[in-house]
Amino acid sequence: MKWSLQELNKKKSVTFEDDLDLKQNLMSRDSEILDVSKIAVQGRLDADGGVYALNFTAKFDLTMPSSRSLTPVILPMEMTISELFTTASFFEENQENLDADMLFVLEKDVIDLEEAVSDNILLDLPLRVLTDEEKISDELPTGSSWQVLSEEEYARLQAEETVTDKQTPFSQLDGLFD
């Protein structure tokens, strides 16, 4: 769904409700994404002078691998997004009144809803994904000659190692040549 700025300036406001299929787009942009349901989007786009306000909510199911076991996990997600757009010429003319960190300067005279939705989904991807069983369990992954440790376990092992090092037969010679 795209709107030209000329169309928006005439209408002043556009409301929308749509189901977007961005699965291929998102999966090609991030290899961690295993699947994405259709994205239910509803919102409004307002034109005010040279500033365009896009406000929308997006609901969808995202499938990503578990951070521990790589088991696919379905994550129901809901996002509320507000973005402000302007043209390069309007921004240059009104730069002292506008905050560059709050605005997206458009390269073309078009606002693309699919681009805004997919960019925000990629920005909001969770870093830690766990299955329901992994959330309940404190057990971390292990292998034949390795294991994952929590920070607390690692600190405890480091402290034990330091104590063990101090109790060797040569520990009396420690610091002799300092």
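Relevant structure appears above.
All figures in this text were calculated on a predicted structure; none of them were measured in a lab.

A. Quick peek at the pairing of strand E6 (residues 72-87). Where strand E5 (residues 51-65) and E6 come together, 15 bridges link them in antiparallel fashion. Note that in E6 the partner of Thr57 across the bridge is Thr80. Between the antiparallel neighbours E5 and E6 lie six residues, among them Leu70 with a positive phi of about 65°. In the sheet, E6 pairs with strand E7 (residues 103-106) via four bridges, with the strands oriented parallel. Looking across to E7, one finds that Thr86 is bridged to Val105.

B. Looking closely at the nonpolar core. Grouped together as the largest cluster of nonpolar side chains are 35 residues, with contacts concentrated most on Leu8, Ile39, Val41, Phe56, Phe60, Leu113 and Val117. The element best represented in this core is E5, accounting for seven residues. Aside from chain neighbours lying at most four places away, what touches Phe56 is Phe16, Val41, Gln42, Gly43, Met79, Thr80, Ile81, Leu113, Ala116, Val117 and Asn120.

C. Main features of a nonpolar patch on the surface. On the surface, Leu173, Leu176 and Phe177 cluster together into a nonpolar patch covering about 400 Å² of accessible area. When you line up the elements, Phe177 lands in the segment after helix H6 (151-166).

Here is what the cut-offs are and how they apply
Residues numbered from 1 in each chain as written. Predicted model: local features only at pLDDT ≥ 70, side-chain atom pairs only at ≥ 80, totals over all residues. Heavy atoms only, no water. Pairing = 2+ DSSP bridges. Helix = DSSP H or I, 4+ residues; strand = E, 2+ residues; numbered from the N terminus. Core = buried A, V, L, I, M, F, W, Y, C linked by side-chain atoms within 4.5 Å. Buried < 20%, exposed > 50% of the residue type's maximum accessible area, 1.4 Å probe, protein only. Contact = heavy atoms within 4.5 Å. Patch = residues over 30% accessible without salt bridge, like charges linked within 9 Å, V, L, I, M, F, W, Y side chains within 5 Å. Areas by Shrake-Rupley, 256 points an atom, 1.4 Å probe, with all protein chains shown as cover. Salt bridge = Lys/Arg side-chain N within 4 Å of Asp/Glu carboxyl O.

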